[in-house]
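Here is how the chains run, residue by residue.
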Amino acid sequence: MPHAPLRRCLAALLLGALPLAAPALALEAPQPEAAAPSAARKASIVILATGGTIAGAGADASNSATYQAAKVPVDKLIAAVPALGEVAAVRGEQVFQIASESFTNAQLVTLAKRVADLVKRDDVDGVVVTHGTDTLEETAYFLDLVVPTDKPIVVVGSMRPSTALSADGALNLMDAVATAASPDSRGKGVLVTMNDEIQAGRDVTKRVNIKPSAFSSQWGPLGMVVEGRTYYFRAPVKRHGTSSEFDIAAIDALPEVAIVYGAGNMNPSPYAAAVQAGAKAIIHAGTGNGSVAGYLVDTLRDLRQRGTVIIRSSRVGDGFVLRNAEQPDDRYDWVVAHDLNPQKAKILTAVALTRTSDSKELQRIFWQY
């Protein structure tokens, strides 16, 4: 016979008086599944296509430098890289279909206005511009100056057409979309993604015409893209985007600016001819420190006195032009381009002239941008 305490416990269970069973059953009852967290929203990226090698096609796979640019439409560019959909919600627009050496000021303005319209939209997180490499750096710098946004704008091209062996366009485009979709890219100005590197649109230049590693900057890349992920190591310090005093909304046309390339035994006539053709400013792509030959000084001084802006830049790839070195810029009322190469100096001069033609203001702008 069970002893008294055990008998009392059994009796309580039979009579339903012991409340221990209910909590025990409750603990063993299956719990409702927690709602699965919703997947993070993919960034919405618009690809604006303008043509170039990235949209080019060659006769066969061995043609890496001989091909026709601007042949493949944007929808086929996107379809050729299915992995884009894993990185962002992507859609495309065909703005132009041209080789980039044919870009005009009017097309720069049209492109910039479209980019500016898109980045104002809440349903657009970033913009990628596919572009030919010949003038890619000019377009990137122009957008950097005149589109007032912190949203990522990435300009991308390729050195080989999609039909070539070891074509670089698909990966470059993938890197561009990944960079535009990355929150870390905000506020860094217009970027250029080529050859796995993230370059500042202001600094980067095309240095080689037949290699995928064609684009570089004397100040180095901002970062890298590896397997669809961005890694940044520095940030731009010059004014751009929302810190820029320029806005494409106030620009409908750009003034004409000419570049005259410096060399030995120069003829003064190209400078005068540029002004006669309508140039409001001349970029002197001088030797060394933007040097001006002694026999050219009077020509440039005379043009300045007649109202033409004179900018001393250098044909040398690296370094920067020192003011009042080689030439007395203060006395002649000339401007120096600082570290901008002649083609970048041309872009900044054209943009700046939409606001001012005062040489002191122009020099400030060259220091700051």
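Predicted, not measured: the structure shown is a model, and the values here were computed from it. In this convention, every chain numbers its residues from 1, walking through the sequence in written order. Given that the model is predicted, a residue must reach a pLDDT of at least 70 before its local features are reported, and side-chain atom pairs must reach 80 or more before they are shown or counted; all residues, however, enter totals for whole chains, interfaces and linings. The side-chain numbers reported here are obtained from all heavy atoms of the structure, hydrogens and water having been left aside.

1. Some details on the overall build of the protein
Line of reasoning, step 1. Within the protein, the secondary structure is distributed over 12 helices and 14 strands.
Line of reasoning, step 2. For every residue, the accessible area (1.4 Å probe, protein chains only) is compared with the maximum for its type, and the residue is labelled buried under 20%, exposed over 50%, or partly exposed between those bounds. Out of the 369 residues belonging to the protein, those deemed buried represent 49%.
Line of reasoning, step 3. Taking all contacts inside the protein whose residues are at least 6 apart in sequence as the whole, residues at least 24 apart take part in 71%.
Line of reasoning, step 4. Methods summary: accessible areas were calculated by the Shrake-Rupley approach with a probe of 1.4 Å, and residue burial reflects only the protein chains presented. Of the accessible surface of the protein, which amounts to about 17600 Å², a share of 54% is contributed by carbon and sulfur atoms. Helix numbers and strand numbers start at the N terminus; a helix is a DSSP run of H or I with at least 4 residues, a strand a run of E with at least 2. Contact criterion: two residues are considered in contact whenever any of their non-hydrogen atoms come within 4.5 Å of each other.

2. So, the sheet that holds strand β6 (residues 197-200)
Line of reasoning, step 1. Pairing between two strands requires that DSSP report at least two bridges joining them. Ordered by their spatial adjacency, eight strands build an open sheet running β2-β1-β3-β4-β5-β6-β9-β10, and the pairing between neighbours is mixed. With partners counted over all chains shown, the strands left at the sheet margins are β2 (89-98) and β10 (229-232), one partner each. Averaged over all adjacent pairs, the angle separating strand axes in this sheet is 25°, with direction ignored.
Line of reasoning, step 2. Looking at chain direction, strand β4 (residues 153-156) and strand β5 (residues 190-194) are connected through three bridges and run parallel. Looking across to β5, one finds that Val155 is bridged to Val192.
Line of reasoning, step 3. Most of the contacts of helix α5 (residues 105-119) go to β2, to which it runs at about 165°, and overall it touches β1 (44-51), β2, β3 (126-130) and β4. Working convention: axes come from line fits to C-alpha atoms, limited for helices to the stretch in contact. Angles between N-to-C directions cover 0 to 180 degrees.

3. Some remarks on the packing of aromatic side chains
Geometrically, a pair of aromatic rings is defined through the distance of the ring centres and the angle of the planes.
Line of reasoning, step 1. Only centres within 6.5 Å qualify two rings of Phe, Tyr or Trp (six-membered ring in Trp) as a pair; their planes then separate them into stacked at under 30 degrees, edge-to-face at over 60, and tilted for everything else. Applying the stated criterion across every chain yields a total of three aromatic pairs.
Line of reasoning, step 2. With a centroid separation of 5.7 Å and 85° between ring planes, the pair formed by Phe96 and Phe103 is classed as edge-to-face.
Line of reasoning, step 3. Taking relative accessible area as the criterion, Phe96 reaches 14% and is therefore assigned buried.
Line of reasoning, step 4. Relative to Tyr369, the ring of Phe246 has its centre 5.3 Å away and its plane inclined at 50°; by these criteria the two rings are tilted. Taken together, the positions of Phe246 in the loop between β10 and β11 (257-261) and Tyr369 in the segment after α12 (359-368) put the pair 123 residues apart, joining distant regions of the chain.

4. Points about the environment of Ile248
Line of reasoning, step 1. Residue placement: Ile248 occurs in the loop between β10 and β11.
Line of reasoning, step 2. Judged by its relative accessible area of 2%, Ile248 falls in the buried class.
Line of reasoning, step 3. It is 7.3 Å that separates the C-alpha atoms of Ile248 and Val109, two residues lying 139 residues apart in sequence.
Line of reasoning, step 4. Contacts of Ile248, omitting those with residues within four sequence positions, involve Val109, Ala112, Lys113, Ala116, Phe142 and Val146.

5. A few points about the pattern of salt bridges
Line of reasoning, step 1. For this document, the term salt bridge refers to a Lys or Arg side-chain nitrogen within 4 Å of an Asp or Glu carboxyl oxygen. Following the criterion strictly, the structure yields 17 salt bridges and no others.
Line of reasoning, step 2. The salt bridge partner of Arg306 is Asp302, with a shortest N-O separation of 2.9 Å.
Line of reasoning, step 3. Among the residues examined, Arg306 registers a relative accessible area of 67% and is labelled exposed.
Line of reasoning, step 4. Between Arg323 and Asp330 there is a salt bridge, with the nearest N and O atoms lying 2.8 Å from each other.

6. Focus on unusual backbone geometry
Line of reasoning, step 1. Located in the positive-phi region is Asn195, a residue other than glycine, with phi close to 55°.
Line of reasoning, step 2. Within the secondary structure, Asn195 sits in the loop between β5 and β6.
Line of reasoning, step 3. Accessibility expressed as a relative area gives 33% for Asn195, which makes it partly exposed.
Line of reasoning, step 4. Located in the positive-phi region is Glu227, a residue other than glycine, with phi close to 50°.

7. Comments concerning helix α7 (residues 169-181)
Line of reasoning, step 1. A helix's residues, less one, multiplied by 1.5 Å, set its expected span. Helix length check: α7 (13 residues) gives 18 Å between terminal C-alpha atoms against 18 Å at 1.5 Å per residue, within 8%.
Line of reasoning, step 2. Most of α7 sits out of view: 11 of its 13 residues are buried.
Line of reasoning, step 3. Those residues of α7 lying buried are Gly169, Asn172, Leu173, Met174, Asp175, Ala176, Val177, Ala178, Thr179, Ala180 and Ala181.

8. Here's the deal with the packing of helix α8 (residues 269-276) against helix α9 (residues 294-305)
Line of reasoning, step 1. Interaxial distance between α8 and α9 falls to 10 Å at its minimum, and their mutual angle equals 15°. Classified by the angle their axes make, α8 and α9 are roughly parallel. The hand of the α8/α9 crossing is right-handed. Across from Tyr271, Ala272 and Val275 in α8, the residues of α9 making contact are Leu296, Thr299, Leu300 and Leu303.
Line of reasoning, step 2. Taken together, the residues of the contact of α8 with α9 sort by class into six nonpolar, one polar and no charged. Comment on the angle field: the value is read as roughly parallel under 35 degrees, roughly antiparallel over 145, roughly perpendicular from 65 to 115, and oblique elsewhere. By definition, turning the near helix anticlockwise from the far helix through less than a right angle yields a left-handed crossing, and turning it clockwise yields a right-handed one. In this classification, Asp, Glu, Lys and Arg are treated as charged, Ala, Val, Leu, Ile, Met, Phe, Trp, Tyr, Cys and Pro as nonpolar, and every other residue, Gly included, as polar.

9. Structural notes on the environment of Leu77
Line of reasoning, step 1. Its place among the elements puts Leu77 in helix α3 (residues 74-79).
Line of reasoning, step 2. Between the C-alpha atoms of Leu77 and Ile54, which are 23 residues apart in sequence, the distance is 8.3 Å.
Line of reasoning, step 3. Those residues within four positions of Leu77 in sequence are excluded, and the remaining contacts are Ile54, Ala55, Val72, Thr130 and Leu173.

10. Overview of the sheet that holds strand β13 (residues 309-314)
Line of reasoning, step 1. Spatial strand order, β11-β12-β13-β14: four strands in an open sheet with parallel pairing. Two strands close off the open sheet at either side, each with one partner strand: β11 and β14 (335-336).

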